Amino acid sequence: MAEQMIEHQSLPSLRYLRQFGLVFQERVADITIYVTGRNLILPYFLTELAFLGIATSQGYICIPEDVGKVTQDLVKGQLLFREDDIGKDIIDVVGERLRNINPEVQVKIMGLSDIDDFDYDVAVALPRNYYDKLTLPRHTRIIWGQLGKVSSYVGYEKIKTPRYKINILTPSLSAAAAAFIAQEILRIKRLIRPYTISKIQ
């Protein structure tokens, strides 16, 4: 029966076979997310979106044109950016890199004057520190992802975190924060399927 089901699925659908029954995949594909900031959570989070199939139908991953350049710390321990990307504008490389992971992902680069003219499901802000000024939409719920020396933070308010240098824990903290942000987006958009546990007789 399982073999028969797989046989009738299109190749794009098979990409998300691991999450069949867990999320409403057709609605996941329609999510539009605004993402900005340059802490190390960024490449992990964008990769997470590509693997989940977010923004692969009517949705977009929207990135502002002033997000900045790929820096040395952004290429540590992740698979989105490469050493030869260092010094390049993120907006010049992110679309190609994400489509290498998932060819269906749609990336939209936002001009600063157009940011508030678009309808986002959620915005994600990933500042390098508390004083990092990011360009954010004014009328969208914002999830903050921040890093500290030995911890990471995900929440709806920007908090002061101690200054830190990249250390052995930073990639793991970044990956965990990226996963929690993605999970929170699925939760608030009600995209996680309800399930029941049968009573043991």
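In this report, the structure presented in the accompanying data block is examined. Quick caveat: nothing in here was measured; it's all calculated off a predicted structure.

Definitions and limits used
Residues numbered from 1 in each chain as written. Predicted model: local features only at pLDDT ≥ 70, side-chain atom pairs only at ≥ 80, totals over all residues. Heavy atoms only, no water. Patch = residues over 30% accessible without salt bridge, like charges linked within 9 Å, V, L, I, M, F, W, Y side chains within 5 Å. Areas by Shrake-Rupley, 256 points an atom, 1.4 Å probe, with all protein chains shown as cover. Salt bridge = Lys/Arg side-chain N within 4 Å of Asp/Glu carboxyl O. Lys, Arg positive; Asp, Glu negative; His and termini not counted. Charge placed at Lys NZ, Arg CZ, Asp CG, Glu CD. Helix = DSSP H or I, 4+ residues; strand = E, 2+ residues; numbered from the N terminus. Buried < 20%, exposed > 50% of the residue type's maximum accessible area, 1.4 Å probe, protein only. Pairing = 2+ DSSP bridges. Axes fitted to C-alpha atoms, helices over the stretch in contact; angles between N-to-C directions. Contact = heavy atoms within 4.5 Å. Right-handed = clockwise from strand over helix to strand, strands pointing away. Parallel < 35°, antiparallel > 145°, perpendicular 65-115°, else oblique. Left-handed = near helix turned anticlockwise from the far one by under 90°.

A word on a negative patch on the surface
Then, in step 1: A cluster of like negative charges, contributed by Glu 65, Asp 66, Asp 114 and Asp 117, occupies part of the molecular surface.
Then, in step 2: By secondary structure assignment, the location of Glu 65 is in the loop between β2 (61-64) and α5 (90-101).
Then, in step 3: Overall, Glu 65 belongs to the partly exposed group, its relative accessible area being 44%.

Some points on the sheet that holds strand β6 (residues 152-155)
Then, in step 1: One open sheet accounts for 6 strands, arranged β3-β2-β1-β4-β5-β6; its pairing is mixed. Each of the sheet's edge strands pairs with one partner strand only, and the pair in question is β3 (107-110) and β6. The mean inter-strand angle of the sheet, taken between neighbouring strand axes irrespective of direction, is 20°.
Then, in step 2: Of the pairings in the sheet, the one linking strand β5 (residues 142-147) to β6 comprises 4 bridges and is antiparallel in character. Within β6, the residue paired with Trp 144 across the bridge is Gly 155.
Then, in step 3: Contacting β1 (33-37), β2, β4 (122-126) and β5, helix α4 (residues 41-52) runs over the sheet at an angle of about 160° to β1.

Points about the pairing of β3
Then, in step 1: Where β2 and β3 come together, 4 bridges link them in parallel fashion. Its bridge partner being in β3, Ile 63 is matched across the sheet by Ile 109.
Then, in step 2: Crossover β2 to β3 through α5 is right-handed.

Brief notes about the packing of α4 against α5
Then, in step 1: Two elements in contact, α4 and α5, have axes separated by 9 Å at closest approach and are oriented at 40°. If you check the angle between α4 and α5, you find them oblique. Between α4 and α5 lies a crossing of right-handed hand. Here α4 contributes Leu 42, Leu 46, Thr 47, Ala 50 and Phe 51 to the contact with α5, which in turn contributes Ile 90, Val 94, Leu 98 and Ile 101.

Thoughts on the packing of α4 against helix α6 (residues 170-188)
Then, in step 1: Look at α4 against α6: their axes get within 8 Å of each other, and the N-to-C directions meet at 45°. Put simply, α4 runs oblique to α6. The way α4 lies across α6 gives a crossing that is right-handed. Only Pro 171, Ser 174, Ala 175, Ala 177, Ala 178, Ala 179, Ile 181, Ala 182, Ile 185 and Leu 186 of α6 make contact with α4, whose side of the interface consists of Ile 41, Tyr 44, Phe 45, Glu 48 and Leu 52.

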